[in-house]
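Coordinate analysis (summary)
Residues per chain are reported as follows:
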Amino acid sequence: MLKLVSFYGGIGLVLWGLHQSSLASWLHSDVKFIWAFFFFLAYLSYALHQLGWKNDREKFIPFHMASLAIRFIASLIFIGVFGYMGTPEMILFVGNFFVLYLCSTNFEIIGLLRNLRRF
């Protein structure tokens, strides 16, 4: 859990630093909502992984697949809601979303590989 909070805290600091620099034009004004959304998804994924790991290790894979499905569907809904609301600069929003999505997924894969080595 500490790694999760420190990773998203670091991402938050990077986003804040980019917002303060001359590269602020590369960030959408709603990037803080995207960051909070991925933090929530990461916590949900962490909780599901812990349930799968704790009860019976045979249930880890189904819980992981459920976490991936929830992440995918929630991401589609999130982008759809912001698109429906008429968010300005939608291409920039989607670009920021997918950069943070890739960072989040990379962090999850690295953590998953560490857990599977002990499996």
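The rules we used
- Residues numbered from 1 in each chain as written.
- Predicted model: local features only at pLDDT ≥ 70, side-chain atom pairs only at ≥ 80, totals over all residues.
- Heavy atoms only, no water.
- Phe/Tyr/Trp six-rings, centres within 6.5 Å; stacked < 30°, edge-to-face > 60°.
- Helix = DSSP H or I, 4+ residues; strand = E, 2+ residues; numbered from the N terminus.
- Buried < 20%, exposed > 50% of the residue type's maximum accessible area, 1.4 Å probe, protein only.
- Core = buried A, V, L, I, M, F, W, Y, C linked by side-chain atoms within 4.5 Å.
- Contact = heavy atoms within 4.5 Å.

**Concerning the packing of aromatic side chains**
The relative placement of two aromatic rings is captured by the distance of their centres and the angle of their planes. Inspection of every chain in the model, using the stated rule, returns 18 aromatic pairs. Ring geometry for tyrosine 8 and phenylalanine 107: centres 6.4 Å apart, planes at 80°, overall edge-to-face. Taken together, the residues span a long stretch of sequence, with tyrosine 8 in helix α1 (residues 2-20) and phenylalanine 107 in helix α4 (residues 90-118) at a distance of 99 residues. The class for phenylalanine 107 is partly exposed, based on a relative accessible area of 25%. Counting every residue linked through ring pairs, the aromatic cluster contains Phe33, Phe37, Phe38, Phe78, Phe82, Phe93, Phe97, Phe98 and Tyr101.

**Comments concerning the nonpolar core**
Ranked by internal contacts, the top residues of the largest apolar core, which has 17 residues, are Leu15, Ile34, Phe37, Phe38, Phe78, Phe97 and Leu100. Of all the secondary-structure elements, those providing two or more residues to this core are α1, α2 (31-55), α3 (60-84) and α4. Counting residues per element, this core draws most heavily on α2, which supplies six residues. Not counting residues up to four positions away in its chain, the partners in contact with phenylalanine 38 are Tyr8, Arg71, Phe97, Leu100, Tyr101 and Ser104.

Purely spatial values, then, with no claim about function.
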